[in-house]
Amino acid sequence: MIPLTRMATVGGVPVTQVLPEATVSKIVERTVKGGGEIVALLKTGSAFYAPSAGVAQMVDAIVLDKKQILPCAAYLDGEYGVKGVFVGVPAKLGKNGMEQIIEVKLTAEEEAALKKSADAVRELIDIMKI
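Please read these numbers as outputs of a predicted model, since none were measured by experiment.

Rules of the game
Once a new chain begins, its residue numbering starts again from 1 and follows that chain's sequence as written. Two thresholds apply to this predicted model, a pLDDT of at least 70 for residue-level local features and 80 or more for giving and counting side-chain atom pairs, whereas whole-chain, interface and lining totals are computed over all residues. Only hydrogens and water are removed before side-chain values are computed, so all heavy atoms of the structure are retained for them. Helix and strand definitions follow DSSP, with helices as H or I runs of at least four residues and strands as E runs of at least two, each counted in order from the N terminus. Exposure is judged per residue with a 1.4 Å probe applied to protein chains only, and the accessible area is read against the type maximum: over 50% gives exposed, under 20% gives buried, and values in between give partly exposed. By definition, residues are in contact when any of their heavy atoms lie within 4.5 Å. For every accessible area listed, the method is Shrake-Rupley and the probe measures 1.4 Å; residues are considered covered only by the protein chains on display. His residues and chain termini do not enter the charge count, which takes Lys and Arg as positive and Asp and Glu as negative. Charged side chains are reduced to one point each, which is NZ for Lys, CZ for Arg, CG for Asp and CD for Glu. Strands were regarded as paired on the criterion that DSSP finds at least two bridges between them. For helices, the fitted axis covers only the stretch in contact; all axes are lines through C-alpha atoms, and the angles between them, taken along N-to-C directions, range from 0 to 180 degrees.

Participant: Explain the overall build of the protein chain to me, using residue names and the numbers behind them.
Facilitator: For the protein chain, the helix and strand inventory stands at 4 helices and 5 strands. Each helix (α) and strand (β) of the protein chain, taken in turn from the N terminus, gives the series β-β-α-α-α-β-β-β-α. By principal-axis analysis of the C-alpha atoms, the protein chain measures approximately 45 × 40 × 35 Å. Counting over 130 residues, the protein chain shows a buried share of 18%. Within the protein chain, residue pairs in contact and separated by at least 24 positions form 39% of the contacts whose partners lie at least 6 positions apart. Here the protein chain displays about 9400 Å² of accessible surface, and carbon together with sulfur accounts for 63% of that area. Across the protein chain, the centroid of the 15 positively charged side chains sits 3 Å from that of the 15 negatively charged ones.

See the structure below:
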């Protein structure tokens, strides 16, 4: 998985311009390993934490019509050059649910990773149809 640190901002300024590269790398590493850290701390019953926090944030954005952009599993119909599968992308949530899929400009490496992810989803769907 390729972390999109170039997309992270602090007050609209790219995080890579605010923090040293070593600090950003440590944050990315801790984020990647965060699920394991929660499991280690809580021992059992920890699988609910991140999904429930995400759901609460999504519900808040929809109920309060915040027009908030959040990472969501969205059905793509040509966005990012992907069609016919659910993929994690930024989406605007408001009173009408998912109101807009936000298409950010990806590097060639990021596009390849997204295509690989979409292909993996398609492969799983095909396996489940058997």
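Participant: Provide a residue-level description of the sheet that holds strand S5 (residues 97–101), including the pertinent values.
Facilitator: Spatial strand order, S3-S4-S5: 3 strands in an open sheet with antiparallel pairing. Of all strands in the sheet, those with a lone pairing partner are strand S3 (68–77) and S5, marking the two edges. Strand-to-strand, the axes of this sheet are offset by a mean angle of 50 degrees, without reference to chain direction. Two elements, strand S4 (residues 83–94) and S5, share 4 bridges in a ladder whose sense is antiparallel. Among the inter-strand pairings, Gly 94 is bridged to a residue of S5, identified as Gly 97. Where helix H3 (residues 49–63) meets the sheet, it contacts S3, S4 and S5, and its direction lies at approximately 95 degrees from that of S3.

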